[in-house]
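A closer look at the structure
Below are the chains, spelled out letter by letter.
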Amino acid sequence: MNPINYKTKDINDNFISMTRMYPKPYNKNKADPYTKTRVILMNGTEYESVWFLHNFARHCAEPEILEALAIVRKQEQQQQKMIACLKPINESILETTIAYEQLAIDLTASLAIREKDKNNREALNFALLEDFDHLYRFANLLMIDKGIDSKKLVGEYTEIMPGRPTIAEHRYPVDDLKCAMDSTKANLYTKLVAGIITAAEQQTMNYYMNIAQWYKNDLGRKLYSEIAMIEEEHVSQYESLKDSRMTWLEQWVMHEYTECYLYYSAYVDEVDNYIKKIWYDFFEMECAHLQLAIRMLEKYEHTEYKKIVCEGEFPELLTIGSHKEYIRDVIAKTVTMTAKNKSYAEINSLKDDDRYFKYQDMIIGNEEATVPSHEVINKAVECFGQDYRVQDSKHPIAELSDRKKDNICIARKKRCK
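Small disclaimer: the values here were computed from a predicted structure and weren't measured.

The subject of this paragraph is the pattern of salt bridges. By the definition in use, this model includes 30 salt bridges. Ionic pairing is found between aspartate 176 and arginine 171, a salt bridge with its closest N-O pair at 3.5 Å. In this structure aspartate 176 comes out as buried when scored by relative accessible area, which is 5%. For aspartate 243, the salt bridge goes to arginine 245, with nearest N and O atoms at 3.0 Å. For aspartate 243, a relative accessible area of 7% puts it in the buried group. Linked through salt bridges whose partners overlap, the residues forming this network are Glu130, Arg164, Arg171, Asp176 and Glu233.

Spelled out as structure tokens, the structure:
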């Protein structure tokens, strides 16, 4: 499929009526877990698009480009509102959160498995273990507060157990920044990966930042606030992979191409026929947006779109699926890693006065028991006699196997036993 050659409607025929903009939500008890994750992914993709287009407009003085941005931005807003309302009213904050974390885990693994670029792949695998741990913490909160078994929500596609403990994820901000790719040399899939994962993690960060204040109890409010800070680290990491030397128009073309790719991937992968049609309709809209962006690029910068997206033919489509063995392997090999400068390092290799430890002392100090991600597991053990997990077999890391005691040492302190 090549979205550049796709015959589209006139751009002004793509506005969505108010009636159509409010869709029929999925049934939370019957929908496939990956239908829910696709809804979250595409919602986040539209959020990213809208804010990019606003920022572009604030840095542009050319009337024709500003008009084009305004038209596309309004249509992207309409798409986002329609996708957001696919979530049913009776799906709770925490139930939605489980889908957010399942998306973060299985999307990241799906992207990493096919990624050949070492820099991208290491970043994906690093954050993967942290989102994996977040699912575990939120699933325990869901069991405490609602008595709901998250196994039903993830459809047994995703295991629920500790990853790199959240308490160990608080790092000095500079260490989140990684080496940017050269977009003139990177392959198309690598550029897509950076854009997709940045938007997805940004969506999660925004959700947690906004939802924390609305949660019904202190523990939940604190947990959302803590994990929102880790998601901010992930956004910083992923956005640093992108080539910021691209012009605004080049970035716009890449954004629109990424949306085309994701909508068509979602359409091919979707099992809900009603939502499947929405994905295809929005793919057609995005083709029009992409072609408009290309016209602006060629007119004002005299740059061929091929510099950005080659011939335009999609690489292998994205399929979000279960990757239990891959994730277990990444846990076994990298759970004790932390970020260090532009790369990653084993916790035991750091000097005793490394800024990671200084930052940990500043943020946590001697208050380990009150860190929300740790507190929620202690509460689960107190309520149920052990933490909540969904495991196919024993944990690949012996230190994380104890279901009656949360390990707050591994990946955080040197020579942890």
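Turning our attention to the state of the cysteines. Note on terminology: disulfide describes a covalent bond linking the sulfur atoms of two cysteines. Within the structure shown, the criterion is met by one disulfide. Note on cysteine connectivity: cysteine 409 is disulfide-linked to cysteine 416, with sulfurs 2.2 Å apart. Among the residues examined, cysteine 409 registers a relative accessible area of 21% and is labelled partly exposed.

This next bit is on the packing of helix α4 (residues 93-114) against helix α8 (residues 218-240). Axis separation between α4 and α8 bottoms out at 14 Å; the angle between their running directions is 30°. Classified by the interaxial angle, the pair formed by α4 and α8 is roughly parallel. The chirality of how α4 crosses α8 is left-handed. Of the residues in α8, those touching α4 at Ile93, Leu94, Thr97, Glu101 and Thr108 are Tyr224, Ile227, Glu231 and Tyr238.

So, about helix α14 (residues 372-384). Over its 13 residues, α14 runs 18 Å from end to end, which matches the ideal 18 Å to within 8%, given 1.5 Å per residue. Residues of α14 that are buried include every one of Pro372, Ser373, His374, Val376, Ile377, Ala380 and Val381, and no others. Where α14 is buried, its residues meet α5 (118-146) and α8. Positive phi shows up at glycine 385, right after α14, with a value of about 90°.

Among the surface-exposed residues, Tyr172, Val174 and Leu177 lie close enough to one another that they form a single nonpolar patch of about 230 Å² accessible area. Along the chain, tyrosine 172 falls in the loop between α6 (150-154) and α7 (188-211).

Next up on the list: the pairing of strand β1 (residues 337-340). Pairing analysis gives four bridges linking β1 to strand β2 (residues 343-346), with the strands arranged antiparallel. Of the residues in β2, the one forming a bridge with alanine 339 is tyrosine 344. Turn length for the β1-β2 hairpin, with the two strands adjacent in sequence and antiparallel, is two residues, and the turn residue asparagine 341 shows positive phi of about 55°.

Let us look at the nonpolar core. Ranked by internal contacts, the top residues of the largest apolar core, which has 120 residues, are Leu41, Leu107, Leu111, Trp252 and Trp279. Per-element accounting of this core gives the leading share, 15 residues, to α5. Residues within four places of tryptophan 252 in sequence aside, it is in contact with Phe52, Leu53, Phe56, Ala68, Leu69, Val72, Leu292, Ala293 and Met296.

Right, let's talk about the packing of aromatic side chains for a bit. For the structure on display, the rule yields 26 aromatic pairs. Between tyrosine 215 and tyrosine 224 the ring centres are 5.7 Å apart and the planes differ by 45°, which places this aromatic pair in the tilted class. With a centroid separation of 5.7 Å and 50° between ring planes, the pair formed by tyrosine 280 and phenylalanine 283 is classed as tilted. Here the residue tyrosine 280 and the residue phenylalanine 283 both occupy positions in helix α10 (residues 273-301), the gap between them amounting to three residues, near one helical turn. Judged by its relative accessible area of 22%, tyrosine 280 falls in the partly exposed class. A relative accessible area of 0% places phenylalanine 283 in the buried class. Counting every residue linked through ring pairs, the aromatic cluster contains Tyr6, Tyr257, Tyr261, Tyr264, Tyr267, Tyr280, Phe283 and Phe314.

Cut-off values and rules
Residues numbered from 1 in each chain as written. Predicted model: local features only at pLDDT ≥ 70, side-chain atom pairs only at ≥ 80, totals over all residues. Heavy atoms only, no water. Salt bridge = Lys/Arg side-chain N within 4 Å of Asp/Glu carboxyl O. Buried < 20%, exposed > 50% of the residue type's maximum accessible area, 1.4 Å probe, protein only. Disulfide = S-S within 2.5 Å. Axes fitted to C-alpha atoms, helices over the stretch in contact; angles between N-to-C directions. Helix = DSSP H or I, 4+ residues; strand = E, 2+ residues; numbered from the N terminus. Parallel < 35°, antiparallel > 145°, perpendicular 65-115°, else oblique. Left-handed = near helix turned anticlockwise from the far one by under 90°. Contact = heavy atoms within 4.5 Å. Expected span 1.5 Å × (residues − 1). Patch = residues over 30% accessible without salt bridge, like charges linked within 9 Å, V, L, I, M, F, W, Y side chains within 5 Å. Areas by Shrake-Rupley, 256 points an atom, 1.4 Å probe, with all protein chains shown as cover. Pairing = 2+ DSSP bridges. Core = buried A, V, L, I, M, F, W, Y, C linked by side-chain atoms within 4.5 Å. Phe/Tyr/Trp six-rings, centres within 6.5 Å; stacked < 30°, edge-to-face > 60°.

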